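Architecture and fold: a report
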Amino acid sequence: MHILLVASAFNSLTQRVLTELQDRGHTAGVVLALGDDEALREAVRQHAPALIVAPMLTTAIPEDIWRAHTCLIVHPGPPGDRGPSSLDWTLQAGAESWGVTVLEAVAEMDAGDVWAWSPLKVPPLAGKSDLYRGEVADAAVDAVLQAVERFGSGRYKPKRQKAADLAAGWRPFLKQAQRRIDWATDSTDTVLRQLRAADSQPGVLDELLGAPWHLHGGHPEDELRGAPGELLATRDGAICRATVDGAVWIAQLRPPGLCASSFKLPATEALGARLPDSVPEVPAPLDLPASRRTWREIRYSERGPVGVLNFSFAGGAMSTAQCRRLLDAYRFACARPTSVLVLGGLRDFFSNGIHLNVIEAAADPAEESWANIYAMNDLVEAVLTTTDRLTVAALGGNAAAGGVMLALAADEVWCRDGVVLNPHYRLMGLHGSEYWTYSLPRRVGVEEAERLTQSALPVSAKRAVALGLAQRVLQAAPEELGDEVERLAAQLAALPDLAARIAQKQEARARDEAIKPLQAYRDEELAHMRRNFFEAGEPYPALRSAFVRKHKALHTPPHLAALGLPR
Ligand code: COA
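Throughout this description, residue numbers start from 1 for each chain and increase along the sequence as written. Totals for whole chains, interfaces and linings use all residues, but because this is a predicted model, local features are given only for residues with pLDDT of at least 70 and pairs of side-chain atoms are given and counted only at 80 or more. Just so you know, side-chain values use all the structure's heavy atoms and leave hydrogens and water out.

Quick notes on the overall build of the protein chain
Scanning the protein chain from terminus to terminus reveals 20 helices and 23 strands. Note on method: radius of gyration uses C-alpha positions; expected globular size equals 2.2 Å times residues raised to 0.38. Its C-alpha radius of gyration of 24 Å places the protein chain within 12% of the 24 Å reference for a compact globule of 567 residues. Across its three principal directions, the C-alpha atoms of the protein chain cover 65 × 60 × 55 Å. In the protein chain, which comprises 567 residues, the proportion classed as buried is 57%. Each helix is a run of H or I in the DSSP string that is no shorter than four residues. Each strand is a run of E no shorter than two, and both are numbered from the N terminus. Between buried and exposed lies partly exposed: a residue is buried under 20% and exposed over 50% of the maximum accessible area for its type, with that area taken using a 1.4 Å probe on protein chains only.

Here it is as structure tokens:
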């Protein structure tokens, strides 16, 4: 079937739906709905689709389009639920189960006939965006595929929604006034629910050290205590704030309004000189017991011959400091007597490369870009040159740009089913580094490496395996990924030919090094990156600025507009 995807942005869910449809032999086009109805009509004329699907749409489809074509809308709520802030209301209310519905576009929002729906379990501590990219995306794909099949059968009659249910199900946009935290009375659970329902956007508007801020990210803390609202500690850029019955960690802050500096930063960096010296930095050990309820980005655990280095960075972005901390942890893990070392293994983003927000906020963004790519390269190099054990990158969520190349540095790449990879840098105006000129062609061949980096399109986990980018697709729910990864890593460590595989790996690395040293790849890549970062006229600074400030695209980018159309 030829399907046209209409979306407000080419976001993670739209990318996921696109790749899942392609995996099943459908062809698909993409048009962004950016307020220009004529452009939308033109795309519909060009594609003449059998079906239109809107995975993430914040505006209405024009009536002439939905009258002439079946248009299916993905709504992140079960049948009967309606409105623009479904997930926010649900997380605020502390619901344990939820759903995603695919319904037909009609004049009234979320009031069309239901083609399919899929239930989901809400995990205990995930924020809204994490939930959206995990359980919601899984349920959405399930429902979309069901709906596409039903539509294709030509026999299915979608279910009408009753007028009384429609009236009862409507919930309005959730405003900041309804997200407010009252530090003097709200319990830790309430505070966490408010923060989770607003994470990663729009955050909870609050006051801190005499200034207004949007608070982003919320994690419980089980030991630190203080007067409600008090700033108790910092850790790796996050701040810990007391509640009436405990404390919570807040990872990022954003100044309110539309000023040039209104983008998210690690909390301590955003506060800068406002942060009193009296607030202590409270580190947490790498091998923090699993029973502790606190926040940390990097954690190491070990079971027999398997070491697991979990890491989770907000938005998958890795600043210079975060890369260095992960490299230190990686070195610690390499000093342990294990034969298999797993990197990642958590739900949500694996990595999206260098931290564009921290770079944008730096006094000299070009210099900071340089420092960040250096730190990222040092980390990738450490993985590439680990020859005394097998390494596995376990991706519970998506990866892009340098984040994909970090995964490719490991011996094996395992992706949770539903993971989307974006192995390219072009859309950020960068040549890219992280030894991609070594890792990518080695896995997929020179021609495919060129196609992947130039087409700048997303790749599903299944296709990644078919291409040789990844070795395994893991069938596990986001919350079950960690256990599944440990189980498979233990199997790998128990293989009778493990020692032989490690020996082969050593030989292959030595052979490759003799042909062309890793340093040569790094030097060549960095020569390009130096130009991208420092030379006048390069597109990277403007693209980075638009990205961190979330400027809306003006039209569907050409590489998407051409998708699914005859050449
Ligand atoms: N630096 C800083 N923040 C980043 C980031 C990066 N490299 N990559 C992603 N993020 C943030 C986004 O700003 C967004 O923040 P929000 O939650 O406050 O809105 C969040 O992570 C999720 O990203 P989003 O773009 O909404 O998710 P997506 O799944 O729709 O798209 C990507 C994912 C990776 C395709 C897209 O974020 C992207 O292109 N990132 C830049 C990748 C890059 O060029 N890296 C640098 C080169 S190494």
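Focus: the sheet that holds strand β12 (residues 246–250)
Two strands are said to pair when DSSP picks up at least two bridges between them. Ordered in space as β9-β12-β11-β10, the 4 strands form an open sheet in which the pairing is antiparallel. Edge positions in the sheet fall to β9 (219–221) and β10 (231–235), since each of these pairs with one other strand and no more. Between one strand axis and the next, the sheet turns by 30 degrees as a mean value, whatever way the strands run. Looking at chain direction, strand β11 (residues 238–243) and β12 are connected through 5 bridges and run antiparallel. Looking at the pairing, T243 lines up with G246 of β12. Against the sheet, helix α7 (residues 188–197) touches β9, β11 and β12, its axis set at about 20 degrees to β12. In this analysis an axis means a line fitted to C-alpha atoms, helices contributing only their contacting stretch, and an angle means the value between N-to-C directions, from 0 to 180 degrees. Here, residues are in contact when the closest pair of their heavy atoms is within 4.5 Å.

Brief notes about the nonpolar core
With 70 residues, the main nonpolar core has L395, L406, L421, L440 and L469 as its most contacted residues. Ranked by residue count, the leading element in this core is helix α11 (residues 365–384), at 9 residues. If we skip the residues at most four places from it in the chain, L406 touches F311, M318, F350, S351, M376, L379, V380 and V383. Residues grouped as a nonpolar core are buried Ala, Val, Leu, Ile, Met, Phe, Trp, Tyr and Cys residues, joined through side-chain atoms within 4.5 Å.

So, the sheet that holds strand β8 (residues 211–216)
Paired through their backbone hydrogen bonds, the strands of a sheet run either parallel or antiparallel. Spatially, the 4 strands line up as an open sheet ordered β7-β8-β13-β14, and their pairing is antiparallel. With partners counted over all chains shown, the strands left at the sheet margins are β7 (204–208) and β14 (265–266), one partner each. Here 5 bridges tie β7 to β8, and the two strands are oriented antiparallel to one another. Across the sheet, V204 pairs through a bridge with L215, a residue of β8.

Some details on the site of the ligand
Being near a molecule or strand, for a residue, means having at least one of its heavy atoms within 4 Å of it. Of all residues adjacent to the ligand, which total 24 residues, the nearest are S200, Q201, K264, I354 and K550. Polar contacts, as used here, are pairs of N or O atoms within 3.5 Å; protein pairs need one atom able to donate a hydrogen and one able to accept it. Residues neighboring in sequence count only if both atoms are side-chain atoms. In the model, an oxygen atom of the ligand is placed 2.4 Å from a nitrogen or oxygen of the S200 side chain. Within the backbone of G315, one N or O atom sits 3.4 Å away from an oxygen atom of the ligand. Protein chains bury 83% of the 850 Å² of accessible surface belonging to the ligand in isolation. Residues are grouped as follows: nonpolar covers Ala, Val, Leu, Ile, Met, Phe, Trp, Tyr, Cys and Pro; charged covers Asp, Glu, Lys and Arg; every other residue, Gly included, is treated as polar. The class makeup of the residues in the shell around the ligand is 10 nonpolar, 10 polar and 4 charged. Reported accessibility uses the Shrake-Rupley method at a 1.4 Å probe radius. Residues are deemed covered only where the shown protein chains occlude them.

What to know about the packing of helix α9 (residues 320–334) against α11
Where α9 meets α11, the closest approach of the two axes is 8 Å, and the angle between their N-to-C directions is 20 degrees. In terms of orientation, α9 and α11 fall into the roughly parallel class. With respect to the hand of their crossing, α9 and α11 are arranged in left-handed fashion. Contact residues: α9 offers T320, C323, R324, L326, L327 and Y330, while α11 offers E368, A371, N372, A375, M376, D378, L379, A382 and V383. A class-by-class count of the residues in the contact of α9 with α11 yields 10 nonpolar, 2 polar and 3 charged. Here the angle decides the label: under 35 degrees means roughly parallel, over 145 means roughly antiparallel, 65 to 115 means roughly perpendicular, and every other value means oblique. If you view the pair so one helix is near and one far, a crossing is left-handed when the near helix is turned anticlockwise from the far one by less than a right angle, and right-handed when it is turned clockwise.

As for the UniProt feature "domain: Formyl transferase C-terminal" (unreviewed entry) in the protein chain
UniProt positions are given in the numbering used here, feature names are shortened, and annotations may be inferred rather than shown by experiment. If you check UniProt for "domain: Formyl transferase C-terminal" (unreviewed entry), the listed places come out as residues 174–257 in our numbering. The span residues 174–257 is 12% helical and 39% strand by assignment, and the distance between its end C-alpha atoms comes to 18 Å.

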